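# Chain and residue survey
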Amino acid sequence: MEKLIITACICGAEVTKENNPAVPYTVEEIAREAKSAYDAGAAIIHLHVRTDDGTPTQDVNRFKECMDAIKAVCPDVIIQPSTGGATGMSNDERLQPITLNPEMATLDCGTCNFGGDEIFVNTENMIKDFGEKMIARNIKPEVEVFDKGMIDMAIRLNKKGYIKSPMHFDFVMGVNGGISGEPRDLLFMVESIPQGSTWTVSGVGRFEYPMVTMGILMGGHVRVGFEDNVYLEKGVLAKSNGEMVEKVVRIAKELGRQVATPAEARKILGLSE
Ligand code: KMH
Ligand code: ZN
């Protein structure tokens, strides 16, 4: 089986230090968490950034500072900025990090509820616009889907040329407003993507490690980190993103799956080396 790409989503936009004091806000904290994940075996850092008080921002200068700080301590890691940002942000605000020409960036492929009164807006025209801009900059999109209909949207826009083949999907399972994170849900998602695509699975909250285990067994790739879950196990907060990645590496080892280095991940994803 192909080696396992581990993505670490080190801070997200929704969790706070109240959920887990190790959630990073400052540039130094973001670099510390990225390094802990990289040292443990993560090949990709999925990146959101915050101001020092924890407010999510898509400010290009803050992204640059954080990306430079990450590169200083994890020189070969793949950095994948979010273009999702936080709910309520404008398109222009969200797109700022792509001007730094990262190797990858997220491309969210549909609108969904996001808990409480929050709506995460990604209209068809927005996805086309984001997709075209990523193609123009040779950025590989991580097609983020929170429900099965978003896979269908990505397939339609792929046929129309807004997303290049082969597509790389991230199934985000268990968001309050998207598909749940039961085994049958993941099977349905995996069966629904075009042949030749690659995929990663992220389970939110209690779905994290069951989805990781299934992803490893099924030949997919996996994402863990504070964006999705702040616990190492029920009732035990993770001390770092690295601790969560270490757990994934242990599970992978038990199941006989080797972990990909960043260079191997680049090959698997068709990124230029
Ligand atoms: N924070 C969510 C509203 C992405 O990174 O592209 C969106 C999100 C998706 O996290
Ligand atoms: Zn994200």
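These numbers were taken from a predicted model, which means no experiment stands behind them. Residue numbers run consecutively from 1 along every chain, following the written order of its sequence. To read the labels, note that chains go from A and ligands from 1, taken in the order they are written. Where local features are concerned, this predicted model is filtered to residues with pLDDT of at least 70; where side-chain atom pairs are given and counted, the filter is 80 or more; whole-chain, interface and lining totals use all residues. To get the side-chain values, take all heavy atoms of the structure and skip hydrogens and water.

Per-residue accessibility, obtained with a 1.4 Å probe over protein chains only, is compared with the maximum for each type, and a residue is labelled buried under 20%, exposed over 50%, and partly exposed between these values. Only DSSP runs of H or I with at least four residues qualify as helices, and only runs of E with at least two residues qualify as strands; both kinds are numbered from the N terminus onward. All of the buried residues along helix α9 (residues 262-269) are P262, A265, R266, I268 and L269. The arc enclosing the buried residues of α9, seen along the axis, measures out at 165 degrees, which places them on a common side. Looking one or two places after α9, you find G270, whose phi comes out positive at around 70 degrees. Taking the helix axis as origin, the arc is that swept by the directions to the C-beta atoms.

For each residue, the test is whether any non-hydrogen atom lies within 4 Å of the molecule or strand; if one does, the residue is near. Taken together, 13 residues sit near ligand 1, with E14, S82, G85, T106 and D108 positioned nearest. For the purposes of these results, a polar contact is taken to be a pair of N or O atoms within 3.5 Å, where, inside protein, one atom must be able to donate a hydrogen and its partner to accept one; residues adjacent in sequence count only when each atom of the pair is a side-chain atom. H48 is positioned such that a nitrogen or oxygen atom in its side chain is 3.1 Å from an oxygen atom of ligand 1. D108 is positioned with one of its side-chain polar atoms (N or O) 2.7 Å from an oxygen atom of ligand 1. A cavity here means a set of 1 Å grid points, computed over protein atoms only, where a 1.4 Å probe fits but cannot escape. A pocket is an open set with protein on both sides within 12 Å along at least 5 of 7 lines, and lining residues have an atom within 4 Å of a point. To decide whether a molecule occupies a pocket or cavity, check its atoms: if more than half lie within 2 Å of the grid points, it is inside. Because more than half of its atoms lie within 2 Å of the grid, ligand 1 is assigned to the largest pocket. Here the residues of the shell around ligand 1 sort into two nonpolar, seven polar and four charged. The classification used treats Ala, Val, Leu, Ile, Met, Phe, Trp, Tyr, Cys and Pro as nonpolar, Asp, Glu, Lys and Arg as charged, and all other residues, Gly among them, as polar.

Turning to the pattern of salt bridges, a few remarks are in order. Any carboxyl oxygen of Asp or Glu within 4 Å of a side-chain nitrogen of Lys or Arg constitutes a salt bridge here. Inspection of the entire model under this criterion finds 16 salt bridges. Of the charged contacts, one joins K3 and E264 as a salt bridge, the two residues approaching to 2.8 Å between their closest N and O atoms. Placement of the pair is K3 in the segment before β1 (6-9) and E264 in helix α9, with a sequence separation of 261 residues. Residue classification places K3 among the partly exposed positions, given a relative accessible area of 27%. For E264, a relative accessible area of 27% translates into the label partly exposed. Of the charged contacts, one joins R32 and E33 as a salt bridge, the two residues approaching to 3.0 Å between their closest N and O atoms. When salt bridges with common partners are traced through the structure, they connect E144, D170, R223, E227 and D228 into a single cluster.

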